[in-house]
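Each chain is listed here by its residues.
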Amino acid sequence: MASNRPAPEFSYGSAEDGVEQETWEEWNPTEDSVRPVRGRHRVSRQRGGLARSSTVLGVGVIAAVGAGGIATAQGGKPPVQISMPDLSAVKDSLPEAKSLPGVGALISDGSDADSGAAAAAAAPLTSVGNGQEGAGEALRARIMQQAETQESAAEAKARAAAEEAAAKKAAEEAAEKQDAAKAKAAAEKKKAEAEAKKKAEAERLAKLAKSFKLPVASYTITGTFGQPGSMWSSGYHTGLDFAASTGTPIYAVHSGTVTEAGWAGAYGYRTIITLDDGTELWFCHQSSLNVSAGQKVSTGDVIGRVGATGNVTGPHLHLEVHPGGDATGIDPAVWLRGKGLTP
C-alpha cells in the first residue's frame, strides 16, 4: 500500500500573539489505524469469527483443485498450476478457518505444518501434492481402471461370441458333411441296388431268351400294336406285323400246346399255341400249317409258313398275345421284350 503524502502543517495563532503553536506530523496509516477497505478485499466478521469471503475463497480453492484434477483425469491434459493468493494479511482475523478441511493447510504458518499436513491428508479432495498427484489423479486412475475393466469384459464377450460362432459354424459344417456323406452313401447304395437289379433282370432275360424265340428270323416290322386305321374292324391294329416273303418259316415262340390250327376268316390260316401260364399266341395269315390241334410243340419248332391269306395287303405274319385267353390282347413287342427278345 502506497503512503499518503505529508499533511501540511497548520497552527492555531502565532507565537507573537502569545498563542501556543501546534504542528501536525506526517501520518502513515497502519493495519490497526485504517478502516477496512470496501470492495473485494473487505473482511468482515460473522458470528463465530469466520469471514464469509474467506469461506467462499476456501471453497473456490477446493473447487479449483478438484477441477484441475478432473481435467487431468478426463482430458489427459497436464496438471493445472494454481497460484494461491497471499492470505497472511487475513489469517490472523480468521482463526476458525484453520478448522476447515484443506483450507487450514493453505493458510497455516510454519508452526502448524504438522497439523496442516495431517488435515490435508485427511481430506481427499485437497491432496494435490505437487500438482500431479491427488484427487484428480485418483479419479483418473479409477476411470482408467473402469475403462480397462469394461474393455476386458468387451473383449472377453467378443471372444466368447467368436468362439461360439466358430463352434456353431464347425457343427454346421460337420452336419453338412455328415448329411452329404449319408446322401452319397444312399445314392451309391441305390445305384448299386439298381445295378444289381438290372444285372439280375438281364440274367433272367438271358435265361428266358434261351427258352423263347422270335417267330421269324428275317423280317421287317410294318405294323405296331394300337395303330389306328379303318382297315381293322376294331378301329386299331391289335397285333405286331412281321413282313417277310411268302413261305418264310414261322417258329414256335415258346413251348406249349396247339389249341387251334385252321382257317379263321379275316385272320386267314391261323395257329393258336397256349403256353403253360395260360397265355395264347396267335399266328395269322399263314400260307400253310405244319401242326394240328392238341399237338405239343417246343421253342423253335416250325409251325407254318408266312403267307397273305385273309384280310391283308401283302405277305406277313400277324402275331397277337392274349394273356389268360382274354379277347383283348396286349402289345406283343412289350411282351417279347419281357422275355428277353427284341423284335
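Computed from a predicted model, the values in this text were never measured in an experiment. Counting restarts for each chain: residues are numbered from 1 in the order of the written sequence. Per-residue local features of the predicted model are confined to residues with pLDDT of at least 70, and side-chain atom pairs are confined, for both listing and counting, to 80 or more; whole-chain, interface and lining totals are unaffected and use all residues. Values shown for side chains rest on all heavy atoms present in the structure; no hydrogens or waters enter the calculation.

So, on to the layout of surface pockets. The method is simple in principle: a probe with the dimensions of a water molecule rolls over the atoms, and the space it marks as empty is what remains. Size it by volume and the second largest pocket reaches roughly 510 Å³. Taken together, 23 residues make up the lining of the second largest pocket; nearest its centre are M231, W232, H237, H285 and N311. Looking at the lining of the second largest pocket, the elements that each hand over two or more residues are β1 (220-223), β2 (240-243) and β9 (316-322). No other element matches the 3 residues that β9 contributes to the lining of the second largest pocket. The method works on a 1 Å grid over the protein atoms by themselves. A cavity is a set of points holding a 1.4 Å probe that cannot get out, a pocket is an open set with protein on both sides within 12 Å along at least five of seven lines, and residues with an atom within 4 Å of a point line them. Grid points are joined across faces, edges and corners, and a volume is the space filled by probe spheres set on the points. For helices the rule is a DSSP run of H or I covering at least 4 residues; for strands it is a run of E covering at least 2, with both sets numbered from the N terminus onward.

This part covers the nonpolar core. Here the nonpolar core consists of buried residues drawn from Ala, Val, Leu, Ile, Met, Phe, Trp, Tyr and Cys, with membership extended through side-chain atoms lying within 4.5 Å. A simple rule labels every residue: compare its accessible area, found with a 1.4 Å probe on the protein chains alone, to the largest value its type can have, and call it buried under 20%, exposed over 50%, or partly exposed in between. One finds I273, F283, I303, W335 and L336 to be the most contacted residues of the largest nonpolar core, which totals 25 residues. Every element with two or more residues in this core is listed here: β2, β6 (280-289), β8 (302-306), β9 and α5 (332-337). The residues touching I303, leaving out its near neighbours within four places in the chain, are I250, Y251, A252, T271, I273, F283, Q286, L289, N290, V291 and V297. Residues are treated as being in contact if the distance between any of their heavy atoms lies within 4.5 Å.

A few words now on the pairing of β9. The buried fraction of β9 is high, at 7 of 7 residues. Any two strands are treated as partners once DSSP identifies two or more bridges connecting them. When β2 meets β9, the two strands line up antiparallel, connected through 4 bridges. Paired with D241 across the strands is H318, a residue of β9. Where β6 meets β9, 5 bridges bridge the pair, whose relative direction is antiparallel. Bridge pairing in β9 places L281 opposite V321.

Attention shifts here to the environment of M231. With respect to the element layout, M231 can be found in the loop between β1 and β2. When its relative accessible area of 54% is taken as the criterion, M231 is described as exposed. Along the backbone, M231 and N311 are 80 residues apart, and their C-alpha atoms lie at a distance of 8.7 Å.

This paragraph deals with the packing of aromatic side chains. Aromatic pairs are defined between Phe, Tyr and Trp rings, using the six-membered ring for Trp, whenever the two ring centres lie within 6.5 Å; interplanar angles under 30 degrees are classed as stacked, those over 60 as edge-to-face, and all others as tilted. The final tally for this structure, using the stated rule, is 5 aromatic pairs. Their ring planes at 75° and their centres at 5.9 Å tell us that F212 and W335 sit as a pair that is edge-to-face. You can see F212 sitting in the loop between α4 (135-209) and β1 and its partner W335 sitting in helix α5, a full 123 residues away along the chain. The same class applies to F212 as to W335, namely buried. Ring plane angle 75° and centroid distance 5.0 Å describe the contact between Y219 and F242, whose orientation is recorded as edge-to-face. Taken together, the positions of Y219 in the loop between α4 and β1 and F242 in strand β2 put the pair 23 residues apart, joining distant regions of the chain. Y219 sits in the partly exposed class, given a relative accessible area of 24%. When its relative accessible area of 0% is taken as the criterion, F242 is described as buried.

Once that is clear, we can look at α4. Structurally, the α-helix is built with 3.6 residues per turn, so residues lying three or four positions apart point the same way. For α4, spanning 75 residues, the distance from its first C-alpha to its last is 108 Å, which sits close to the expected 111 Å at 1.5 Å a residue. Those residues of α4 not exposed but buried are A135, G136 and L205. By this rule the span expected of a helix is its residue count minus one, scaled by 1.5 Å.

We now examine the pattern of salt bridges. In the sections that follow, a salt bridge refers to a side-chain nitrogen of Lys or Arg positioned within 4 Å of a carboxyl oxygen of Asp or Glu. Taken as a whole, this structure holds 2 salt bridges when the rule is applied. A salt bridge links E201 to R204; the shortest N-O distance between them is 2.5 Å. Residue E201 and its partner R204 are both found in helix α4; the two are separated by 3 residues, about one turn of the helix. Residue class for R204 comes out partly exposed when judged on its relative accessible area of 39%. The salt bridge involving R270 is made with E260; its shortest N-O contact spans 2.7 Å. On the criterion of sequence distance, the pair formed by R270 in strand β5 (residues 269-274) and E260 in strand β4 (residues 256-263) is long-range, its members being 10 residues apart. Judged by relative accessible area, R270 falls into the buried class, the value being 11%.

The next subject is unusual backbone geometry. Non-glycine residue H285 carries a positive phi angle of around 65°. Within the secondary structure, H285 is located in strand β6.

For every residue, the predictor states its confidence as a pLDDT score lying anywhere from 0 to 100. Summary statistics for the protein chain give a mean pLDDT of 77 and a share of 61% for residues scoring 70 or more. The model gives residues 41-57 a pLDDT under 50, and that stretch makes 26 contacts with residues more than four places away or in other chains. Note on residues 125-129: pLDDT is under 50 here. Beyond four places in sequence and across chains, it has 15 contacts.

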